[in-house]
Amino acid sequence: NAGVIQTPRHKVTGKGQEATLWCEPISGHSAVFWYRQTIVQGLEFLTYFRNQAPIDDSGMPKERFSAQMPNQSHSTLKIQSTQPQDSAVYLCASSFRDRGHAEQFFGPGTRLTVL
Amino acid sequence: GQQVQQSPASLVLQEGENAELQCNFSSTATRLQWFYQHPGGRLVSLFYNPSGTKHTGRLTSTTVTNERRSSLHISSSQTTDSGTYFCAIANYGNEKITFGAGTKLTIKP
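These lines cover the structure that appears in this document, whether it is placed above or below. (Residues numbered from 1 in each chain as written. Chains lettered and ligands numbered in written order. Predicted model: local features only at pLDDT ≥ 70, side-chain atom pairs only at ≥ 80, totals over all residues. Heavy atoms only, no water.)

This brings us to the packing of aromatic side chains. According to the stated counting rule, one finds twelve aromatic pairs over all chains in the structure shown. On the basis of an interplanar angle of 70 degrees and a centroid distance of 6.0 Å, the ring pair of Phe106 of chain A and Phe99 of chain B is categorised as edge-to-face. With Phe106 of chain A in strand β10 (residues 105–106) and Phe99 of chain B in strand β10 (residues 98–99), this pair bridges two chains. By relative accessible area, Phe106 of chain A is classed as buried at 4%. (Phe/Tyr/Trp six-rings, centres within 6.5 Å; stacked < 30°, edge-to-face > 60°. Helix = DSSP H or I, 4+ residues; strand = E, 2+ residues; numbered from the N terminus. Buried < 20%, exposed > 50% of the residue type's maximum accessible area, 1.4 Å probe, protein only.)

Residue and element names in this part refer to chain A. Sheet architecture is open: four strands sit in the order β1-β3-β8-β7, paired in antiparallel fashion. In this open sheet, the two strands that pair with only one neighbour each are β1 (5–7) and β7 (65–71). Sheet twist, expressed as the mean angle between neighbouring strand axes with direction ignored, is 20 degrees. The pairing of strand β3 (residues 19–24) with strand β8 (residues 74–79) spans five bridges and is antiparallel. Pairing of Cys23 across the sheet is with Ser75, part of β8. (Pairing = 2+ DSSP bridges. Axes fitted to C-alpha atoms, helices over the stretch in contact; angles between N-to-C directions.)

This brings us to the sheet that holds strand β3 (residues 19–25) of chain B. All names here are of chain B. One open sheet holds the five strands; their spatial order is β1-β3-β8-β7-β6, and the pairing between them is antiparallel. The sheet is open, and its two edges are formed by β1 (4–7) and β6 (52–56), each paired on a single side. This sheet shows a mean twist of 15 degrees between the axes of neighbouring strands, independent of strand direction. Summarising the sheet, β1 and β3 pair through four bridges and their orientation is antiparallel. Paired with Val4 across the bridge in β3 is Phe25.

This part is about the interface of chain B and chain A. Facing 14 residues of chain B, the contacting portion of chain A comprises 22 residues. Buried surface at the junction of chain B and chain A, both sides included, amounts to about 1700 Å², of which 49% is carbon and sulfur. Considering only the side of chain B, the residues that lose the most area to chain A are Arg42, Tyr48 and Glu95 of chain B, jointly responsible for 39% of the buried surface there. Taken together, the links from chain B to chain A amount to two salt bridges. Lys96 of chain B serves as the salt-bridge partner of Asp56 of chain A, at 3.5 Å between the closest nitrogen and oxygen. The interface formed by chain B and chain A includes eleven residue pairs in polar contact (both at pLDDT 80 or more). (Contact = heavy atoms within 4.5 Å. Buried area = accessible area lost by both parts, 1.4 Å probe. Salt bridge = Lys/Arg side-chain N within 4 Å of Asp/Glu carboxyl O. Polar contact = N/O pair within 3.5 Å; in protein donor to acceptor, adjacent residues only side chain to side chain.)

Take the pattern of salt bridges next. All names here are of chain B. Following the criterion strictly, the structure yields seven salt bridges over all chains and no others. Close ionic contact of Arg58 with Asp81 constitutes a salt bridge, the shortest N to O distance being 2.9 Å. Here the residue Arg58 occupies a position in the loop between β6 and β7 (59–64), and Asp81 occupies one in the loop between β8 (69–74) and β9 (83–90), the gap between them amounting to 23 residues. Among the residues examined, Arg58 registers a relative accessible area of 24% and is labelled partly exposed. Owing to a relative accessible area of 8%, Asp81 belongs among the buried residues under this scheme.

Core analysis: the biggest nonpolar cluster contains 20 residues, and Ala19, Leu21, Trp34, Leu72, Tyr85 and Leu105 of chain B have the highest contact counts within it. Listed by contribution, the elements that provide at least two residues to this core are β2 (10–14), β3, β4 (31–37), β8, β9 and β11 (103–108) of chain B. Beyond its immediate stretch of four places on either side in the chain, Leu105 of chain B contacts Leu11, Leu13, Ala19, Ile74, Asp81, Ser82, Gly83 and Tyr85 of chain B. One finds Cys23, Leu46, Phe49 and Cys92 of chain A within the second-largest nonpolar core, a separate group that totals 19 residues. (Core = buried A, V, L, I, M, F, W, Y, C linked by side-chain atoms within 4.5 Å.)

Structure follows, in structure tokens:
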């Protein structure tokens, strides 16, 4: 079990460019979550899917951020027209749900730097 | 929304001392997790502990849901325990978790 896989580990973009981040959940897990981590804001929820369906995107900046889960083996987070304030570590997590138990397991993160 | 308060913000101990980390949350949680993060490292789940007491090695987690608090106890601390510990909770009906600001633990040799 390789755990949650995130690619790339590091990404540098210029202001205004697009960034696409990839996440492969643990096999058999039915929920995928996206969070981001900064020194100033700490750990913030962005969005999550269960059984590939979007459930809650209340943490997503509406205009430039989008997330998809086209199949059960991967999810993507796309940021259009990146801005310096988007610089953060973007974390993906997955979980299974078994009789109320819903522990989340995290990937190593993608460090996004917007110049 | 849900609020999570962790204390202390930072803690410095000598190797061999015990550490006690606290987490208080604003409403009844259905799921509480403790995570560990080494600088630059991934979040590692230590405990999934909505209620009661759980042990693993030198770590003990105790959650008292109706008092809206949880604690993480590290006995006989080691330098490798240094890092940041996060408490995170989720409300009934929604799986997204809200994190506390973390406790930065430094264990000196």
